[in-house]
Amino acid sequence: MANGQWFPPDWPARIRALADGTLTPVAPRRAATVMLLKDAGAGPVVHMLRRRASMAFAGGAYAYPGGGVDPRDDDHQVRWAGPTRAWWADRLGVDDAVAQAIVCAAVRETYEEAGVLLAGPTPDSVVGDTTAPEWEADRAALVARELSFAEFLDRRGLTLRSDLLGAWARWITPEFESRRYDTWFFVAALPEGQRTRNASTEADRTVWIRPADAAASYDRGELLMMPPTIATLRGLAAYDSAADALTGAHERDLTPVLARARLVDGEVVLSWPGHDEFTKHIPAGGAPA
């Protein structure tokens, strides 16, 4: 492998099955992931986690905190500050209820997996340290789905701060994958007084790393990543601060990126529109090149 692009061994067979009509694509599940940033001496660093090698999907790959939408994330009792649900619906290209669910999933999953909470007691404040035992008990209840995010916010008297998020990109898992996600990527700055920790059972390591350094390690084959992860890292590398990245998010194109596979003279060509670096050529019965 010339770089760290994640490529499962069963993909060629699944791609061919999709091409010949023997594989029916599963519907993608909505999901959200957040690129947490904080400023360091040489520019912003991003929080990444390494998925456990035992994970069925993208085991060993570096990613950001995130996960699927909980059906209760569109609960209308959610306390909300910042751009309205209608504004987010327009930005994300969905209806109001789905927009709330996606934004709530982004905030909830960041808390569940990194211990960072983008919410506060008032519309213009953010909570501080969330590592006390009572906070951890609530976080565990969220993970176990014993507590909805709306119930958690209400119990704590907290308001979700949608203004602390910037929508960055949208990627949809290829049709030939057995686990599919329609994922919105967000960017956010680490709130003052909070700190990240590895709160996810799916990760065995977390790091703060400059986007350019992470991309360079991927290029050398040292860090394994999925195409959406390395693509978003390359985009983040252009910004000098977390605030600049948040401002830049408003101009980002959210057109969904979906991998395409086509047969050309018996060879499978796998590509991601707009991202030529991820193109793979898979000879008949061979490994990707």
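For the structure itself, consult the block above.
Residues numbered from 1 in each chain as written. Predicted model: local features only at pLDDT ≥ 70, side-chain atom pairs only at ≥ 80, totals over all residues. Heavy atoms only, no water.

Observations concerning helix α5 (residues 149-156)
Taken residue by residue, α5 has F149, A150, F152 and L153 as its buried positions. Along the axis of α5, the buried residues cluster in a sector spanning 160 degrees; they form a single face. Against α3 (96-114), β6 (119-120), α4 (133-143) and β7 (159-161) lie the buried residues of α5. Of the residues one or two after α5, G157 is the one with positive phi, at around 65 degrees. (Buried < 20%, exposed > 50% of the residue type's maximum accessible area, 1.4 Å probe, protein only. Helix = DSSP H or I, 4+ residues; strand = E, 2+ residues; numbered from the N terminus. Arc of directions from axis to C-beta. Contact = heavy atoms within 4.5 Å.)

A closer look at the packing of α4 against α5
Where α4 contacts α5, the two axes come as close as 10 Å, and the packing angle between them is 160 degrees. With respect to α5, the element α4 is oriented roughly antiparallel. Relative to α5, α4 is oriented so that their crossing is right-handed. On the side of α4, the interface is formed by E134, W135, D138 and L142, while α5 contributes F149, F152, R155 and R156. (Axes fitted to C-alpha atoms, helices over the stretch in contact; angles between N-to-C directions. Parallel < 35°, antiparallel > 145°, perpendicular 65-115°, else oblique. Left-handed = near helix turned anticlockwise from the far one by under 90°.)

Quick notes on the side chain of S125
Here S125 is to be found in the loop between β6 and α4. Discounting residues that sit within four places of it in the chain, S125 has contacts with A119, G120 and R161.

Notes on the nonpolar core
Counting residues in each nonpolar core, the largest one holds 42 residues, and the members touching the most others are L92, L117, F152, L165 and F186. Within the residue set of this core, elements represented by two or more residues are β1 (29-40), α2 (85-92), α3, α4, α5 and β9 (181-189). Sorting elements by how many residues they give to this core places α3 first, with 11 residues. If near-sequence neighbours (up to four positions away) are discounted, F186 is found in contact with A32, T33, V34, M35, W88, L92, I102, A106, L165, G166, A167 and W168. (Core = buried A, V, L, I, M, F, W, Y, C linked by side-chain atoms within 4.5 Å.)

Examining the sheet that holds strand β14 (residues 275-282)
Read across the sheet, 3 strands follow the order β12-β13-β14 without closing on themselves; strand pairing throughout is antiparallel. Two strands bound the open sheet, and with one partner strand each, they are β12 (260-264) and β14. If you compare each strand with its neighbour and ignore which way they point, the axes differ by 20 degrees on average. Note that strand β13 (residues 267-272) and β14 share 4 bridges and pair antiparallel. From the neighbouring strand, V269 faces β14, where its bridge partner is H281. (Pairing = 2+ DSSP bridges.)

Observations regarding the environment of A81
Following the sequence through the fold, A81 ends up in strand β5 (residues 80-81). Its relative accessible area of 5% is what places A81 among the buried residues. The spacing of A81 and T122 is 41 residues in sequence and 8.5 Å in space, taken between C-alpha atoms. Ignoring anything within four residues of it in the chain, the contact list for A81 reads P123, T159, L160, R161, S162 and D163.

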